[in-house]
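One-letter residues, chain by chain:
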Amino acid sequence: MWSKEKFLSDLEFGKIGEEKTLDFLNSLDMTHKVIDVREDKICQKNDVDFIQIAKDCEIYKIEVKTDRQSHISKNIVFEVISNKKYNTEGCFSKCKADIMFYYFSEVDELYYINVQLLKNYVEENKKDLKLIPMGDNALGYLIRYEILLEKEIMFKI
């Protein structure tokens, strides 16, 4: 059941992974600048937390997810529908980021995910993936992250 308190708690929890990612991005030699766009309404709508500008002038849109259960379940959550009642598109489906950093908070592990490769993988394997109910009236896929590591869609940092 959705509540304002849980939503605010989840937002605060999510900031842990965001700060870990921000520290990581700023530590990279390739990084010229990281722009924090978490408060920008358009970027929020597109699921983009940071813009990384590399020294070679490449620009990367970055999204961050923080997860308490992935180290136990061995899955990442690919949300397709964020709310069944309103049929709103899920965060992974609508994500316009190039890169997602997925932080396993309980074991302090950070993973890099190529968003387009992940979307391609889901599209190609839909028939084998089961759409399941998730918290707060959402629907999504649980995807074994070992498969994503093996297929080089996801990398441990």
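From a predicted model like this one, the values you see are computed outputs, not experimental measurements.

Rules of the game
- Residues numbered from 1 in each chain as written.
- Predicted model: local features only at pLDDT ≥ 70, side-chain atom pairs only at ≥ 80, totals over all residues.
- Heavy atoms only, no water.
- Helix = DSSP H or I, 4+ residues; strand = E, 2+ residues; numbered from the N terminus.
- Rg over C-alpha atoms; globule rule 2.2 N^0.38 Å.
- Buried < 20%, exposed > 50% of the residue type's maximum accessible area, 1.4 Å probe, protein only.
- Contact = heavy atoms within 4.5 Å.
- Areas by Shrake-Rupley, 256 points an atom, 1.4 Å probe, with all protein chains shown as cover.
- Lys, Arg positive; Asp, Glu negative; His and termini not counted.
- Charge placed at Lys NZ, Arg CZ, Asp CG, Glu CD.
- Pairing = 2+ DSSP bridges.
- Axes fitted to C-alpha atoms, helices over the stretch in contact; angles between N-to-C directions.

(A) Inspection of the overall build of the chain at higher detail. Per the secondary structure count, the chain includes 6 helices and 10 strands. Relative to the globule expectation of 15 Å for 157 residues, the C-alpha radius of gyration of the chain, 15 Å, shows essentially globular dimensions. By its C-alpha atoms, the chain is 45 × 35 × 30 Å across when sized along the principal axes. Expressed as a percentage of its 157 residues, the buried residues of the chain come to 41%. The contacts of the chain with a sequence gap of at least 6 include a subset with a gap of at least 24, amounting to 57%. Surface exposure of the chain reaches about 9,400 Å², of which carbon and sulfur atoms provide 53%. Measuring between centres, the 24 positive side-chain charges of the chain sit 5 Å from its 29 negative side-chain charges.

(B) Spotlight on unusual backbone geometry. Here the phi dihedral of Asp 108 falls at roughly 55°; this positive angle occurs in a residue that is not glycine. Here Asp 108 lies in the loop between β6 (99-104) and β7 (109-114). Take Asp 108: its relative accessible area is 45%, and that puts it in the partly exposed class. Positioned with a positive phi, Glu 152 is a non-glycine residue whose angle comes to about 60°.

(C) Representation of the sheet that holds β7 within the structure. Spatially, the 6 strands line up as an open sheet ordered β1-β2-β3-β6-β7-β10, and their pairing is mixed. Here the strands that pair on one side only, and so sit at the sheet edges, are β1 (31-36) and β10 (154-156). Neighbour-to-neighbour, the strand axes of the sheet open up by a mean angle of 25°, direction not taken into account. Two elements, β6 and β7, share 6 bridges in a ladder whose sense is antiparallel. Opposite Ile 99, over in β7, you have Asn 114 as the bridge partner. Where helix α5 (residues 115-125) meets the sheet, its contacts fall on β6 and β7, and the angle it forms with β7 comes to roughly 70°.

That is the geometry; function is a separate question.
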